[in-house]
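Chain by chain, the residues run as shown.
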Amino acid sequence: MSGNCERQTLRSSSGRFPWRALLLLNAGVFLWAHAPALRNPLCCADDARQQIFWMQQWRDAALYPDDLQVDYARRYVPWGVKGLYGLAAGAVDPMVFSKWLPGILFVGLGMLLFAVGRRLAGPCAGWGIAGAYWLTPFFLEQLAGGLARSFAAPLLALFVWGWLARRAVVVGSALVLQALFIPYLAPVCAGAALALRLLPRRWRGGAWIWPVGWGQAAWMGIALVLAFGWQATLSGSAFGPLV
């Protein structure tokens, strides 16, 4: 078994990605775990009642007029999350969307974790990581509700996969998406990329370094401007910064 895994590792980068099997398995795990919430229209994540409820204004503008709590909740939802829910509101109630969005994120995260494991140690490691992912309630709990925190693990996994695959555009895109959906994560990943570049070559262990160029500077600059710009809007609001 181990010999077979070692042989597969050598050609793992060029092997076919089992996206159909992963799609079905990830979707099946999510539907099985979230079936009670999906069936019950009155069931929702605790934080969704605080962060998502006001978005029903996009379907009925007469709701919550001059409501201080709505104004507070609106200001502390990141721009990317508001934009995504705003687009979806034309077709589905935001509270309903908050139940199905975690399923999309769960499937995407499962595929990314498999891809990361496959890059690190071949298909056997990918399936091992996928199995651990399905059996760990932590991920489902963090994704539940379709909130800003729900995007943290998928976008971090996208950043890591892009780094391992040496895809500069994927790494840059992940940083910008982090800044839009979970702004606290973008400076951490950007700082890690810069720190690795500053390390002496002998300490890098052959790790890939994000190429220096105008494109990379633009990706990082956009991400940091978005992340700190969102934080600045909080500091300038009547409610103060988010701690």
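Residues numbered from 1 in each chain as written. Predicted model: local features only at pLDDT ≥ 70, side-chain atom pairs only at ≥ 80, totals over all residues. Heavy atoms only, no water.

When helices and strands are counted, the protein chain shows 12 helices and zero strands. Beginning at the N terminus, the succession of helices and strands in the protein chain can be written as α-α-α-α-α-α-α-α-α-α-α-α. Of all 243 residues assigned to the protein chain, the portion counted as buried reaches 41%. Taking as baseline every contact in the protein chain between residues at least 6 positions apart, the subset at least 24 positions apart corresponds to 70%. Counting only carbon and sulfur atoms, one obtains 66% of the accessible surface of the protein chain, whose full area is about 13300 Å². (Helix = DSSP H or I, 4+ residues; strand = E, 2+ residues; numbered from the N terminus. Buried < 20%, exposed > 50% of the residue type's maximum accessible area, 1.4 Å probe, protein only. Contact = heavy atoms within 4.5 Å. Areas by Shrake-Rupley, 256 points an atom, 1.4 Å probe, with all protein chains shown as cover.)

What follows is about the pattern of salt bridges. Pairing between side chains becomes possible if they bear opposite charge and their charged atoms approach one another. Counting across every chain of the model gives two salt bridges. Residue Arg74 is joined to Asp71 by a salt bridge in which the shortest nitrogen-to-oxygen separation is 3.6 Å. One end of the pair, Arg74, and the other, Asp71, are both in helix α4 (residues 68-75), three residues apart, so they sit about a helical turn from each other. (Salt bridge = Lys/Arg side-chain N within 4 Å of Asp/Glu carboxyl O.)

Moving on, we come to the packing of helix α10 (residues 168-181) against helix α12 (residues 214-235). Axis separation between α10 and α12 bottoms out at 8 Å; the angle between their running directions is 10°. Considering the angle they form, α10 stands roughly parallel to α12. For the pair α10 and α12, the contacting residues are Ala168, Val169, Gly172, Ser173, Leu175, Val176, Ala179 and Leu180 in the first and Gln216, Trp219, Met220, Ile222, Ala223, Leu226 and Ala227 in the second. Grouping the constituent residues of the contact of α10 with α12 by class yields 12 nonpolar, three polar and no charged. (Axes fitted to C-alpha atoms, helices over the stretch in contact; angles between N-to-C directions. Parallel < 35°, antiparallel > 145°, perpendicular 65-115°, else oblique. Nonpolar A, V, L, I, M, F, W, Y, C, P; charged D, E, K, R; others polar.)

Looking now at the packing of aromatic side chains. This model, assessed by the stated rule, comprises 13 aromatic pairs. Plain terms: the ring middles of Phe17 and Phe114 are 5.4 Å apart, the flat faces sit at 85° to each other, and that makes the pair edge-to-face. With Phe17 in the loop between α1 (2-10) and α2 (19-39) and Phe114 in helix α6 (residues 94-121), this pair connects stretches of sequence that are 97 residues apart. Accessibility expressed as a relative area gives 30% for Phe17, which makes it partly exposed. (Phe/Tyr/Trp six-rings, centres within 6.5 Å; stacked < 30°, edge-to-face > 60°.)

Here we take up α6. A turn of α-helix holds 3.6 residues, and therefore any two residues three or four places apart point the same way. Over its 28 residues, α6 extends 40 Å from the first C-alpha to the last, a length consistent with the 40 Å expected when each residue adds 1.5 Å. A maximum bend of about 25° is found in α6 at Trp100, where proline Pro102 lies one to four positions downstream. In terms of burial, α6 is largely enclosed, as 21 of its 28 residues are buried. Where α6 begins, one side-chain oxygen reaches toward the backbone nitrogen of Met95, 2.8 Å away; that side chain belongs to Asp93. Just beyond α6, the residue with positive phi is Gly122, at close to 95°. (Expected span 1.5 Å × (residues − 1). Bend = angle between axes of the 7 residues up to and from the residue. Polar contact = N/O pair within 3.5 Å; in protein donor to acceptor, adjacent residues only side chain to side chain.)

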